[in-house]
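The chain contents come next:
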Amino acid sequence: AALLLGPRGATIYTGLGLLSGVIAYYLEHRVGLPEGAPVSLLDLIIVFVVFLLIGVFLRYAMQSMQDAIARARHAAQAQAEAHRELDAIRVSLEPRVAARTEDLERRSILLQTMAEIGRAAASMRALDELLVEVPQMIAERLGFYHVGIFLLDEGNLYAVLRGANSLEG
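This brings us to the overall build of the protein chain. If you tally the helices and strands in the protein chain, you get three helices and two strands. In sequence order, the secondary structure elements of the protein chain are arranged as α-α-α-β-β. Over its C-alpha atoms the protein chain spans a radius of gyration of 47 Å, topping by over 25% the 15 Å that the globule rule assigns to 169 residues. Across its three principal axes, the protein chain shows a C-alpha extent of roughly 135 × 30 × 25 Å. Out of the 169 residues in the protein chain, the part that is buried amounts to 16%. Here the analysis covers contacts within the protein chain between residues at least 6 apart in sequence; of these, 35% occur between residues at least 24 apart. Here the protein chain displays about 13300 Å² of accessible surface, and carbon together with sulfur accounts for 64% of that area.

If you want it as C-alpha coordinates, here you go:
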(Lines give C-alpha, C1' and ligand atoms only; values in the text may rest on other atoms or scores of the structure.)
Protein backbone atom coordinates (compact mmCIF):
# COMPACT_ATOMS: atom_id res chain seq x y z
CA ALA A 1 0.00 0.00 0.00
CA ALA A 2 2.84 2.38 0.78
CA LEU A 3 4.45 1.81 -2.61
CA LEU A 4 1.20 2.28 -4.47
CA LEU A 5 -0.49 4.98 -2.40
CA GLY A 6 2.43 6.84 -0.88
CA PRO A 7 2.92 7.99 2.73
CA ARG A 8 -0.78 8.54 3.35
CA GLY A 9 -1.52 4.98 2.17
CA ALA A 10 1.18 3.64 4.52
CA THR A 11 -0.40 5.51 7.44
CA ILE A 12 -3.93 4.34 6.61
CA TYR A 13 -2.94 0.70 6.15
CA THR A 14 -0.84 0.72 9.32
CA GLY A 15 -3.87 2.03 11.19
CA LEU A 16 -6.09 -0.65 9.61
CA GLY A 17 -3.55 -3.35 10.55
CA LEU A 18 -3.45 -2.12 14.16
CA LEU A 19 -7.23 -1.92 14.28
CA SER A 20 -7.60 -5.46 12.92
CA GLY A 21 -5.16 -6.75 15.56
CA VAL A 22 -7.15 -5.08 18.34
CA ILE A 23 -10.44 -6.43 16.92
CA ALA A 24 -8.99 -9.96 16.67
CA TYR A 25 -7.82 -9.78 20.27
CA TYR A 26 -11.18 -8.49 21.42
CA LEU A 27 -13.08 -11.18 19.52
CA GLU A 28 -10.86 -13.93 20.87
CA HIS A 29 -11.21 -12.88 24.50
CA ARG A 30 -14.80 -11.59 24.61
CA VAL A 31 -16.69 -13.52 22.00
CA GLY A 32 -14.65 -16.71 21.95
CA LEU A 33 -13.34 -17.58 18.53
CA PRO A 34 -12.51 -21.16 17.60
CA GLU A 35 -9.73 -22.60 19.64
CA GLY A 36 -6.14 -21.98 18.75
CA ALA A 37 -3.09 -20.76 20.57
CA PRO A 38 -4.19 -18.21 23.15
CA VAL A 39 -3.08 -14.62 22.51
CA SER A 40 -1.97 -12.71 25.54
CA LEU A 41 -2.08 -8.98 26.06
CA LEU A 42 1.74 -8.95 25.76
CA ASP A 43 1.48 -10.60 22.32
CA LEU A 44 -1.01 -7.94 21.28
CA ILE A 45 1.30 -5.16 22.51
CA ILE A 46 4.27 -6.68 20.64
CA VAL A 47 2.23 -6.97 17.41
CA PHE A 48 0.94 -3.44 17.95
CA VAL A 49 4.48 -2.05 18.41
CA VAL A 50 5.82 -3.99 15.39
CA PHE A 51 2.95 -2.75 13.18
CA LEU A 52 3.47 0.78 14.45
CA LEU A 53 7.24 0.70 13.80
CA ILE A 54 6.75 -0.77 10.32
CA GLY A 55 4.13 1.88 9.56
CA VAL A 56 6.37 4.72 10.76
CA PHE A 57 9.32 3.32 8.82
CA LEU A 58 7.25 2.94 5.66
CA ARG A 59 5.79 6.42 6.05
CA TYR A 60 9.22 8.04 6.27
CA ALA A 61 10.67 5.78 3.57
CA MET A 62 7.86 6.73 1.20
CA GLN A 63 8.22 10.40 2.09
CA SER A 64 11.95 10.30 1.33
CA MET A 65 11.27 8.46 -1.95
CA GLN A 66 8.72 11.09 -2.96
CA ASP A 67 11.21 13.83 -2.06
CA ALA A 68 13.88 12.10 -4.16
CA ILE A 69 11.44 11.80 -7.08
CA ALA A 70 10.54 15.49 -6.77
CA ARG A 71 14.24 16.41 -6.74
CA ALA A 72 14.84 14.21 -9.78
CA ARG A 73 11.95 15.86 -11.62
CA HIS A 74 13.28 19.29 -10.70
CA ALA A 75 16.77 18.31 -11.88
CA ALA A 76 15.31 16.97 -15.14
CA GLN A 77 13.45 20.24 -15.70
CA ALA A 78 16.60 22.24 -14.95
CA GLN A 79 18.57 20.06 -17.33
CA ALA A 80 15.92 20.49 -20.06
CA GLU A 81 16.01 24.26 -19.54
CA ALA A 82 19.81 24.27 -19.72
CA HIS A 83 19.60 22.19 -22.90
CA ARG A 84 17.18 24.70 -24.43
CA GLU A 85 19.48 27.58 -23.47
CA LEU A 86 22.51 25.81 -24.94
CA ASP A 87 20.55 25.09 -28.11
CA ALA A 88 19.59 28.77 -28.38
CA ILE A 89 23.21 29.80 -27.83
CA ARG A 90 24.38 27.32 -30.46
CA VAL A 91 21.81 28.60 -32.95
CA SER A 92 22.83 32.22 -32.31
CA LEU A 93 26.53 31.38 -32.44
CA GLU A 94 26.44 29.80 -35.89
CA PRO A 95 25.59 33.03 -37.76
CA ARG A 96 27.96 35.02 -35.57
CA VAL A 97 30.82 32.62 -36.29
CA ALA A 98 30.00 32.69 -40.01
CA ALA A 99 29.93 36.50 -40.01
CA ARG A 100 33.17 36.67 -38.05
CA THR A 101 34.84 34.19 -40.41
CA GLU A 102 33.67 36.20 -43.40
CA ASP A 103 34.98 39.39 -41.82
CA LEU A 104 38.36 37.77 -41.11
CA GLU A 105 38.57 36.45 -44.66
CA ARG A 106 37.75 39.91 -46.01
CA ARG A 107 40.43 41.48 -43.81
CA SER A 108 42.95 38.85 -44.82
CA ILE A 109 42.29 39.53 -48.51
CA LEU A 110 42.55 43.27 -47.84
CA LEU A 111 45.91 42.89 -46.08
CA GLN A 112 47.25 40.59 -48.76
CA THR A 113 46.14 43.01 -51.47
CA MET A 114 47.68 45.96 -49.66
CA ALA A 115 50.96 44.06 -49.38
CA GLU A 116 50.92 43.29 -53.12
CA ILE A 117 50.10 46.90 -53.98
CA GLY A 118 52.88 48.09 -51.68
CA ARG A 119 55.38 45.76 -53.35
CA ALA A 120 54.24 46.87 -56.81
CA ALA A 121 54.37 50.54 -55.84
CA ALA A 122 57.85 50.12 -54.37
CA SER A 123 59.08 48.58 -57.61
CA MET A 124 57.82 51.54 -59.71
CA ARG A 125 60.24 54.40 -60.05
CA ALA A 126 58.22 57.04 -61.88
CA LEU A 127 55.41 58.94 -60.10
CA ASP A 128 53.29 59.10 -63.27
CA GLU A 129 53.44 55.31 -63.65
CA LEU A 130 52.54 54.92 -59.97
CA LEU A 131 49.51 57.26 -60.27
CA VAL A 132 48.16 55.18 -63.17
CA GLU A 133 48.90 51.62 -61.97
CA VAL A 134 48.06 51.78 -58.23
CA PRO A 135 44.41 52.95 -58.61
CA GLN A 136 43.92 50.27 -61.26
CA MET A 137 45.32 47.55 -58.95
CA ILE A 138 43.23 48.72 -55.96
CA ALA A 139 40.02 48.75 -58.01
CA GLU A 140 40.65 45.29 -59.49
CA ARG A 141 41.77 43.51 -56.35
CA LEU A 142 39.34 45.10 -53.88
CA GLY A 143 36.38 45.36 -56.21
CA PHE A 144 35.88 49.13 -56.08
CA TYR A 145 34.06 50.88 -58.90
CA HIS A 146 36.23 53.97 -58.74
CA VAL A 147 39.57 54.66 -57.09
CA GLY A 148 41.31 58.00 -57.18
CA ILE A 149 44.56 59.38 -55.82
CA PHE A 150 44.52 63.00 -54.70
CA LEU A 151 47.63 65.08 -54.09
CA LEU A 152 47.85 68.55 -52.55
CA ASP A 153 48.64 71.48 -54.85
CA GLU A 154 51.79 73.59 -54.51
CA GLY A 155 50.15 75.87 -51.98
CA ASN A 156 48.82 72.93 -49.88
CA LEU A 157 45.31 74.38 -50.15
CA TYR A 158 43.52 72.03 -52.54
CA ALA A 159 43.46 68.29 -53.14
CA VAL A 160 43.85 67.60 -56.86
CA LEU A 161 42.93 64.29 -58.52
CA ARG A 162 46.16 63.01 -60.03
CA GLY A 163 45.40 59.35 -60.70
CA ALA A 164 42.23 57.28 -61.27
CA ASN A 165 41.25 53.87 -62.54
CA SER A 166 38.44 55.13 -64.78
CA LEU A 167 37.53 58.12 -66.88
CA GLU A 168 34.27 58.57 -64.89
CA GLY A 169 36.21 59.66 -61.88
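Another aspect to go through is the pairing of strand S1 (residues 148-152). Pairing of S1 with strand S2 (residues 159-164) involves five bridges; the strand directions are antiparallel. When the sheet's bridge partners are listed, leucine 152 is paired in S2 with alanine 159. Hairpin connection between S1 and S2: a loop of six residues separates the two successive antiparallel strands, and asparagine 156 in this loop has a positive phi of roughly 55 degrees.

A word on helix H2 (residues 41-123). Helix length check: H2 (83 residues) gives 119 Å between terminal C-alpha atoms against 123 Å at 1.5 Å per residue, within 8%. For H2, the full list of buried residues reads Leu44, Gly55, Met62, Asp103, Thr113, Ile117 and Ala120.

Our next topic: the side chain of aspartate 103. With respect to the secondary-structure elements, aspartate 103 resides in helix H2. Aspartate 103 gets classed as buried once you look at its relative accessible area, which sits at 17%.

This part takes up helix H3 (residues 127-142). An ideal rise of 1.5 Å per residue puts 22 Å on 16 residues; H3 measures up with 22 Å between its terminal C-alpha atoms. Contacts from the buried residues of H3 go to H2, S1 and S2. Of the residues flanking the end of H3, it is glycine 143, one or two places downstream, whose phi is positive at about 75 degrees.

A few words now on unusual backbone geometry. For asparagine 156, which is not glycine, the phi dihedral falls at a positive 55 degrees. Here asparagine 156 is to be found in the loop between S1 and S2. By relative accessible area, asparagine 156 is classed as exposed at 54%.

Let's shift gears to the pattern of salt bridges. Close approach of charged atoms lets side chains of opposite charge pair. Counted by the stated rule, this structure contains seven salt bridges. Measuring nitrogen to oxygen at the nearest pair gives 3.0 Å for the salt bridge that ties aspartate 87 to arginine 90. Here aspartate 87 pairs with arginine 90, and both are found in helix H2, just three residues apart, close to one helical turn. With a relative accessible area of 34%, aspartate 87 lands in the partly exposed category. For aspartate 103, the salt bridge goes to arginine 107, with nearest N and O atoms at 3.3 Å. Of the two residues, aspartate 103 and arginine 107 are both situated in helix H2; the distance of four residues between them amounts to about one turn of the helix. Through salt bridges with shared partners, one network takes in Arg100, Asp103, Arg106 and Arg107.

The next thing to look at is the packing of H2 against H3. Interhelical geometry of H2 versus H3 gives an angle of 160 degrees and a closest axis separation of 10 Å. With respect to their mutual orientation, H2 and H3 come out roughly antiparallel. Judged by the sense of rotation from one axis to the other, the crossing of H2 with H3 is right-handed. From H2, Leu110, Thr113, Met114, Glu116, Ile117, Ala120 and Ala121 reach across to H3, where they touch Leu130, Val134, Met137, Ile138, Arg141 and Leu142. Taken together, the residues that form the contact of H2 with H3 break down as ten nonpolar, one polar and two charged.

Rules used throughout
Residues numbered from 1 in each chain as written. Predicted model: local features only at pLDDT ≥ 70, side-chain atom pairs only at ≥ 80, totals over all residues. Heavy atoms only, no water. Helix = DSSP H or I, 4+ residues; strand = E, 2+ residues; numbered from the N terminus. Rg over C-alpha atoms; globule rule 2.2 N^0.38 Å. Buried < 20%, exposed > 50% of the residue type's maximum accessible area, 1.4 Å probe, protein only. Contact = heavy atoms within 4.5 Å. Areas by Shrake-Rupley, 256 points an atom, 1.4 Å probe, with all protein chains shown as cover. Pairing = 2+ DSSP bridges. Expected span 1.5 Å × (residues − 1). Salt bridge = Lys/Arg side-chain N within 4 Å of Asp/Glu carboxyl O. Axes fitted to C-alpha atoms, helices over the stretch in contact; angles between N-to-C directions. Parallel < 35°, antiparallel > 145°, perpendicular 65-115°, else oblique. Left-handed = near helix turned anticlockwise from the far one by under 90°. Nonpolar A, V, L, I, M, F, W, Y, C, P; charged D, E, K, R; others polar.

None of this, on its own, says anything about what the molecule does.
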